[in-house]
Structure formats: structure tokens, C-alpha cells
Amino acid sequence: MLYSCRVLSVAAASAVVFAVPGLAEPVTANGLGPSVFTAPGTVPTSVYKHYYNSPTATSAQPQPVVSDPVSHEIYPLELTDPATLPKNNTHDPHVLPPKASSRQLLESAFQQVLSIVNSPAFESNNCARCQAALQVGKFLALAAPEEGPAFAVRVCQHFNFNKDCATQFGIFQLGSVITQVVANADVGGLDGQAICSHFLSGLCPAPTTTPLNLTNWFAKPKPNPLPAAKKPSGKRLKVLHISDMHIDPRYANGAEANCTSGLCCRENNFNTQSLNVTVSPAPRFGAYRCDSPFSLVMSALQAIPVLAGTERTGFDFTLYTGDLVSHDAENQLSRDYVLYTEALMYDLFRKMLGTGPVYAALGNHDSYNQAQDAPHSLNGKLADQFSWNYDHVAALWEHEGWLPRSAVELARAHYAAYMVKRRDGLRVITLNTDLWYSANYFNYINMTNPDLSGMLRFLTDELQAAEDAGDSVWIAGHVLTGWDGSNPLQNPTDLFYQIVDRFSPHVIKAVFFGHTHEDQVMIYYANNATSINAETAGAVGWIGPSVTPLTNLNSGFRVYEVDSETFDILDAHTWKSDVNAFSQLDGQHAFGPTFEYEYSTRAAYGGVVEGWGPNDPLNATWWHRVTEGMEKDPSLVTTFNTFQGKSSVRTAACTGDCATAKICYIRSGSVPIAKQNCQSGFGSVQS
């Protein structure tokens, strides 16, 4: 309803407004008008022709009908009605900047990183700078993932993080992996801190271990008392442990074996101090700074059955703890190169080692990109991006007759990890340890979860099934969980340690790794090693020697003697070949490398363990007592150090702090324990 009033001219309206009789004081002498004016009780209604309400009502303010003289628009009551205040202005345009192209986003992201680096607001807090820069990278990875690799390369080049950024982080190398990880990680939280610590020159301090919540992790408590131990059968199995073949099908005889950087014995790598003359020609059977040529691999596989006495019988079974593929640079690797190596090596194992299954675990180099494996929790296509490899090795293991269908299906579903129950009652569980390896970028997504991949859930469930059935278990993987703590991540190895404690010693009889190329051992204790002694020692982690000589090591392998009923290890025999002598074998065909017996574990260390019979197991208690002997007699550490490098002439001596640290490493089965208890810097004998 509109209220109408008589329309006056502007002059007349002014006269009405300013000439209300009887309310103004007399005009003053200064000509300014009266000193006081009292307005009427109602507004001058004649100012507007129409009103939306009664202009003289005292219950509400007048609402005149206003017409815009320019647009000729009559503004509606809804615009000013006090009873209907607007919530959102959906009528007017709200101008946004134009959508940026992917290239513009890349340029802007890079400039923002430079601004963050140069901003005085961060003062000396480089960790905050790094995580803020990762936030920029995250938004670019989400908005324009195709530019992620280019961004990684530009940042790398600008800050000189790598000598060849394009080769390392381009789209054809790790650029796509980094883009995925940054897009999915909590870069402002623990994930970002860990990335900045591990991959970006230590810009953040290393994160501390996240406290574990084991509520409901285990289906049942640990039996108390433990089940009665099985009685030894007196019959001994022979089990071969080989690791880290790293066959190099691109090995070039006569190429530089003492190159300045990268993998030597390759046509493309040189000694920069002697570009025109080869300083050390690559011997036909290998060298200390090179991976295994085909000739060394074949020599080792020929020697193993003869030396182990299994030419006619074959091994009862073989453990291969990973790393078939050579240490190529990222730009030289491909899926086909990995698949070729897998097909070649597993075929050679079957042909050369005789009967008996090979239970193999993937190593960090047995993937492309190397060391990368993505958790299924990423979902969609990203979850299955490495299934090409899991499917391939599972099919190869089935083809060679090593695994039943049930284990093959587990391997396809669990990152090439599986459980196989042997006819003799032993269960072998293999793990893909890339899923706790510090070089796997995918492990930096949701790091507060120690088992994002679900692999340790799989392990726990299989161990529970074994306990329920009264079976014994061997666990095999590649990247070790502890020692000096330099290889894996804290949170998952902390959880693994608790799992081993829960199921040792009555279920888990031994754990096996490779990766370091060195001959090492670890002990797992009860209650997170809060009390380290012979009584709390629960399980042993055996780290097998490598066939590859890289770096400065001899070539070697090991055979275990195992009781066929308890599956305890009764002795371990290690052989080695002196790589320093390989150059003498060139130019003739009569002789190849000599593999010779290096030592018996029982004979080398058992003299310090009192009350241990010849058929008692080399279990965790035995190994702890060996470390007590080392504390009393440092010469035992010297012996251990020599064997660690497989008696290489290039292994340096270990005394003083090194000897103390070495004993501590043996007693450290997880990263948190190693970091808490041990002095760093003495983990490897490779120089």
C-alpha cells in the first residue's frame, strides 16, 4: 500500500520546511537566523509523493518511495525494510580475479616461496619458512598438479638442493611422486616437519616419536604363562639367506671402476681427475664401487650349492631379502628395467640353486620409482599405481612353484607381502619394508598413523593366526628396523617392535633383513627395551651380507642350520669372496672368483656364552650374552667389525666410541631405541 502526498516544487517545499510559524526565535542582529529551531512532530510528508508506509505514524520510520533520476529505477521497500534485513547480497556482481592458468599458478607459487624465504617475519625460524613454502607447493599440487614437477625443479635449482635437479625431480623422475605426496600430506604439521627435516637439508629438527596407542591393536593379550616350547627334533634344515644381488646388466668391462660419483663400472661415469685415461679399469667379475656384473652373480650362484653341500638335495628353502636391481640414477630406470631384472634373477635362482622354494621380499630398488610404494589408503588410481610390480612378482613366484595360490593372492593385495605356511609347519611372512623406509616419499603422508599402509595390521593378524594354531613364524623384509636408526622411520618401526615383543619368543623365531649390504644383527627386547638384559631379550633380527660389493665390501652369502621342529637357528655359516683379487682374474678363463668359508657364528662368538650346549639355539638370549662378552673383551667387537664388511681390506678398524656404539646398535631393534641410546656415526663400515 502506497501513501500519497501533494507534490510541491523544491522552492515551495523549502518554504514549508523553513517557515513553520510560532516555532522559531526572532531573527538575531547578526543576520544568521534564529538561535533555536524546534522541528515539527511529523516529517514534512510533502517532500515525497509516495511512501511505503504512513509517514506520520509514530511506530515506524517513514519509508519514502525513491526514484533514481539517473537510472529511473524505483527502489523497493525490501531494500530498507527494517523487518527484512538482507542476509546475502546475491544481486550485485562480486568481482573476482580471472582464473589463473597453470603456468601462472606455477610462477605465482615460485614467487611466493621467494617471498617467504626473504620475509623478516620468520626471523631465524627456517623450519617455519620451509613448512610455509610447502603450503604453497601443496596448493599448487592440488590446483595444477601438472606443474608440480616443474615447481620442484625450480625450487631445487634456486636453493641448490641437488646438483642435477631436472634429472632428479622432473616429470620423468620423482616429480610426480613429490607432487602426489605434497598434495596429500599435512605439510603444516608433522608431515611437513619430517619432509623439511629429511629431504630439505635438515631445515626442521627431526620429529620425535609419536606415542603409540595400542588399545585394541592386539586381539588377545600375550599368553601368561607362554605355551610350552616345542622339543627339538635333532634334525637340521639348511636354509640359504642371500641378499642385495644388485645385478648390473649395464656393467661395462674396462670402464672406470673408481669414478668420481654415481655407479662406477659404467660407460658414462668417469674419474674427473683423469677424464682421458681410465684410472682403474673395471674387472670382469666386479669392483668395490660397482654393482654385481653378470659374471659375479653366476659365480656366486655356482658356488653356493657346492659350498653348502646341497648340490644333490637342494636347500630346504631360501630367503631372499630384497634388492635385485642395480643402483641406477632415476633417469636411467624404468618399469621394464625392473621387470627384466626380476624375471632374470628369479629364473636364475630356480635354475642354479636346485630344489626348494625361494621366499623373496621386495627391496627398495625393486620398484620404479626406486624406493617408492604408495599406501592403498590414497584411494582411486593412486592406490594401485604400483600394482604392476606386485602382480608381476606374485606371478613369477607362482610360476617358479615357490608359492601356493593363497600366498600369491596375498602378495597381490598386500604390496607383494605374503604369508606362506610350509608343510613342516613353519609360517614365513614377508613384508614390503619400503612402507617404513625413510626414502619413500609416500611415507610422509599422515605420519601420525604408524601403519597408514595397513601392512603392520596384516602382519599382526597373521601372527595372531599363527599363535592360535601353535605355529612358528619367520619374518623376512629388506630395510632393517633398527641398528643405528639411519634407514627406516620412527613411528612404524616403533609399532613393529611392539608387535615383535607381543609374539616373541613363542611365535616369532627369527627376523631377517638385508639392505645395508653388511653382516649385522639386532636384538628385540621386552617392554620397549626399558630393561636390556638376557632375560628380556625376545627375538633376533639377522641382517644378511650382500652379493654386491658396493661399497668397499666383499661379496658374500649365508646358510643357516635350523631345527626342523622348533625352527630355531642353531648355527649360521657365512662365505665371502675377496673382491680385491678380482682384477687378477682378467685376461684368462681358467679361474673365476673364489668363495671361501669366512666363519661360523657359533664358533666365532660362542666361547663367551657359558652354559650353552652345541644344540642350543642362537636366540636373543645367546646374542645378548655375546654383547656382554663384547663389553668385557673388545677384541670380539673387532671380530664383529671385520665380519661386518665380509673381511674386506677396506674395512676400517673399530675401537673406542665405535666399539661402544656397535654394541648399542646390536641392542637396538627400532629407530627410537637407537636414537635414544646410541652414539651415531659408526653404523657402517663402508667408506
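Structure: above.
Procedures and definitions
- Residues numbered from 1 in each chain as written.
- Predicted model: local features only at pLDDT ≥ 70, side-chain atom pairs only at ≥ 80, totals over all residues.
- Heavy atoms only, no water.
- Disulfide = S-S within 2.5 Å.
- Helix = DSSP H or I, 4+ residues; strand = E, 2+ residues; numbered from the N terminus.
- Buried < 20%, exposed > 50% of the residue type's maximum accessible area, 1.4 Å probe, protein only.
- Pairing = 2+ DSSP bridges.
- Right-handed = clockwise from strand over helix to strand, strands pointing away.
- Axes fitted to C-alpha atoms, helices over the stretch in contact; angles between N-to-C directions.
- Parallel < 35°, antiparallel > 145°, perpendicular 65-115°, else oblique.
- Contact = heavy atoms within 4.5 Å.
- Nonpolar A, V, L, I, M, F, W, Y, C, P; charged D, E, K, R; others polar.
- Core = buried A, V, L, I, M, F, W, Y, C linked by side-chain atoms within 4.5 Å.
- Salt bridge = Lys/Arg side-chain N within 4 Å of Asp/Glu carboxyl O.
- Phe/Tyr/Trp six-rings, centres within 6.5 Å; stacked < 30°, edge-to-face > 60°.
- Lys NZ or Arg CZ within 6 Å of the ring centre and 35° of its normal.
- Expected span 1.5 Å × (residues − 1).
- Patch = residues over 30% accessible without salt bridge, like charges linked within 9 Å, V, L, I, M, F, W, Y side chains within 5 Å.
- Areas by Shrake-Rupley, 256 points an atom, 1.4 Å probe, with all protein chains shown as cover.
- Left-handed = near helix turned anticlockwise from the far one by under 90°.

Caption draft 1: Local environment of the state of the cysteines. Taken as a whole and assessed by the stated rule, the structure comprises 7 disulfides. Across the disulfide from Cys-130 sits Cys-196; the S-S distance is 2.0 Å. Disulfide Cys-130-Cys-196: the torsion about the S-S bond is -95°, which places it as left-handed. Taken together, the positions of Cys-130 in helix H3 (residues 126-143) and Cys-196 in helix H7 (residues 190-198) put the pair 66 residues apart, joining distant regions of the chain. As far as burial versus exposure is concerned, Cys-130 and Cys-196 are alike and both buried. Between the sulfur atoms of Cys-156 and its disulfide partner Cys-165 the distance amounts to 2.0 Å.

Caption draft 2: Geometry of the pairing of strand E4 (residues 317-320). Residues Phe-317 and Leu-319 point to one face of E4 and Thr-318 and Tyr-320 to the other, with burial holding for every one of them. Of the strand pairs in this sheet, strand E3 (residues 236-242) and E4 are connected by 4 bridges, and their pairing is parallel. Paired with Ile-242 across the bridge in E4 is Tyr-320. The β-α-β motif built from E3, the intervening helix H8 (residues 294-308) and the parallel element E4 has right-handed crossover chirality. Looking at chain direction, E4 and strand E5 (residues 358-360) are connected through 3 bridges and run parallel. Paired with Tyr-320 across the strands is Ala-360, a residue of E5.

Caption draft 3: Summary view of the packing of H3 against helix H6 (residues 175-184). Taken N-terminus to C-terminus, the directions of H3 and H6 make an angle of 105°; their axes are 8 Å apart at the nearest point. Of the possible angle classes, the one that applies to H3 and H6 is roughly perpendicular. From H3, Leu-134, Gly-137, Lys-138, Ala-141 and Leu-142 reach across to H6, where they touch Thr-179, Val-182, Ala-183 and Asn-184. Considering only residue class, the contact of H3 with H6 consists of 5 nonpolar, 3 polar and 1 charged.

Caption draft 4: Region of interest: the nonpolar core. If you look at the biggest cluster of nonpolar residues, it comprises 164 residues, and the most contacted ones within it are Phe-349, Trp-397, Trp-474, Phe-496, Trp-542 and Tyr-605. The greatest single-element share of this core, amounting to 8 residues, is contributed by helix H9 (residues 335-353). If you look at the next biggest cluster of nonpolar residues, it comprises 13 residues, including Leu-106, Phe-110, Ala-132 and Ala-133.

Caption draft 5: Local environment of the pattern of salt bridges. Following the criterion strictly, the structure yields 23 salt bridges and no others. Salt-bridge contacts for Asp-501 lead to Lys-222; the nearest nitrogen and oxygen are separated by 3.7 Å. Of the two residues, Asp-501 is situated in helix H14 (residues 490-502) and Lys-222 in the loop between H7 and E3; the sequence distance between them amounts to 279 residues. Its relative accessible area of 16% is what places Asp-501 among the buried residues. Given the relative accessible area of 32%, Lys-222 is considered partly exposed. Among the ionic pairs, Arg-266 bridges to Asp-328, the shortest N-O distance being 2.8 Å. Of this pair, Arg-266 sits in the loop between E3 and H8 while Asp-328 is found in the loop between E4 and H9, placing the two residues 62 residues apart along the sequence. Given the relative accessible area of 5%, Arg-266 is considered buried. Residues participating in the shared-partner salt-bridge network are Asp-391, Glu-398, Arg-405, Glu-409 and Arg-412.

Caption draft 6: Spatial organisation of the packing of aromatic side chains. If you walk through the whole model with that rule in mind, you get 34 aromatic pairs. For the pair Tyr-390 and Tyr-415, a centre-to-centre distance of 6.0 Å together with 80° between the ring planes defines the contact as edge-to-face. In this pair, Tyr-390 sits in helix H11 (residues 387-399) while Tyr-415 sits in the loop between helix H12 (405-413) and strand E6 (418-421), placing the two residues 25 residues apart along the sequence. The burial state of Tyr-390 is the same as that of Tyr-415; both residues are buried. Consider the rings of Tyr-497 and Tyr-524, whose centres lie 5.5 Å apart with planes at 55°: the pair is tilted. Taken as a pair, Tyr-497 in helix H14 and Tyr-524 in strand E10 (residues 520-525) lie far apart in primary sequence, 27 residues in all. On the accessibility criterion, Tyr-497 (0% relative accessible area) is buried. Here Tyr-524 falls in the buried class, since its relative accessible area comes to 2%. The lysine or arginine in question, Arg-154, covers the ring of Phe-110, its NZ or CZ lying 4.1 Å from the ring centre.

Caption draft 7: Structural detail: H11. Counted at 1.5 Å a residue, the expected span for H11 with its 13 residues is 18 Å, and the 18 Å between its end C-alpha atoms agrees. Check the buried side of H11 and you find it contacts H9, E5, H12 and E6. Looking at the residues trailing H11, positive phi occurs at Gly-401, about 80°.

Caption draft 8: Representation of the pairing of strand E8 (residues 473-476) in the model. Going residue by residue along E8, you find Val-473 and Ile-475 tucked away on one face and Trp-474 and Ala-476 tucked away on the opposite face as well. Inspection of the sheet shows strand E7 (residues 427-430) paired to E8 by 4 bridges, in the parallel sense. What sits directly across from Ile-429, in E8, is Ile-475. Once you follow E7 into helix H13 (residues 455-469) and on to E8, the crossover reads as right-handed. When E8 meets strand E9 (residues 508-513), the two strands line up parallel, connected through 4 bridges. Among the inter-strand pairings, Trp-474 is bridged to a residue of E9, identified as Ala-510. Once you follow E8 into H14 and on to E9, the crossover reads as right-handed.

Caption draft 9: The arrangement of the sheet that holds strand E11 (residues 537-543) in detail. With mixed pairing, 6 strands are arranged side by side in an open sheet as E6-E7-E8-E9-E11-E10. Edge positions in the sheet fall to E6 and E10, since each of these pairs with one other strand and no more. For this sheet the average axis-to-axis angle between neighbouring strands, irrespective of direction, equals 20°.

Caption draft 10: Up close: a nonpolar patch on the surface. A cluster of nonpolar side chains, Val-47, Tyr-48 and Val-66, forms an exposed patch at the surface whose accessible area comes to about 220 Å². Tracing the chain through its elements places Tyr-48 in the loop between helix H1 (10-18) and strand E2 (50-51).

Caption draft 11: Summary view of the sheet that holds strand E13 (residues 569-577). With mixed pairing, 6 strands are arranged side by side in an open sheet as E5-E4-E3-E12-E13-E14. Bordering the open sheet on either side are E5 and strand E14 (595-600), each of which pairs with just one other strand. Averaged over all pairs of adjacent strands, the angle between strand axes in this sheet comes to 25°, irrespective of strand direction. Sheet topology note: the strand E12 (residues 555-563)/E13 ladder contains 8 bridges and is antiparallel.

Caption draft 12: Representation of the environment of Ile-523 within the structure. Among the structural elements, Ile-523 can be located in strand E10. On the basis of relative accessibility, which here comes to 0%, the residue Ile-523 falls in the buried class. Along the primary structure Ile-523 and Val-540 are separated by 17 residues, whereas in three dimensions their C-alpha atoms are 4.7 Å apart.

Caption draft 13: Layout of the packing of H9 against H11. Relative orientation of the contacting elements H9 and H11 amounts to 15°, with a least axis distance of 10 Å. Taken together, the axis directions place H9 and H11 in an arrangement best described as roughly parallel. Viewed along their axes, H9 and H11 form a crossing whose handedness is right-handed. Only Trp-388, Asn-389, His-392, Val-393, Leu-396 and Trp-397 of H11 make contact with H9, whose side of the interface consists of Arg-335, Val-338, Leu-339, Glu-342, Ala-343 and Tyr-346. The class makeup of the residues in the contact of H9 with H11 is 8 nonpolar, 2 polar and 2 charged.

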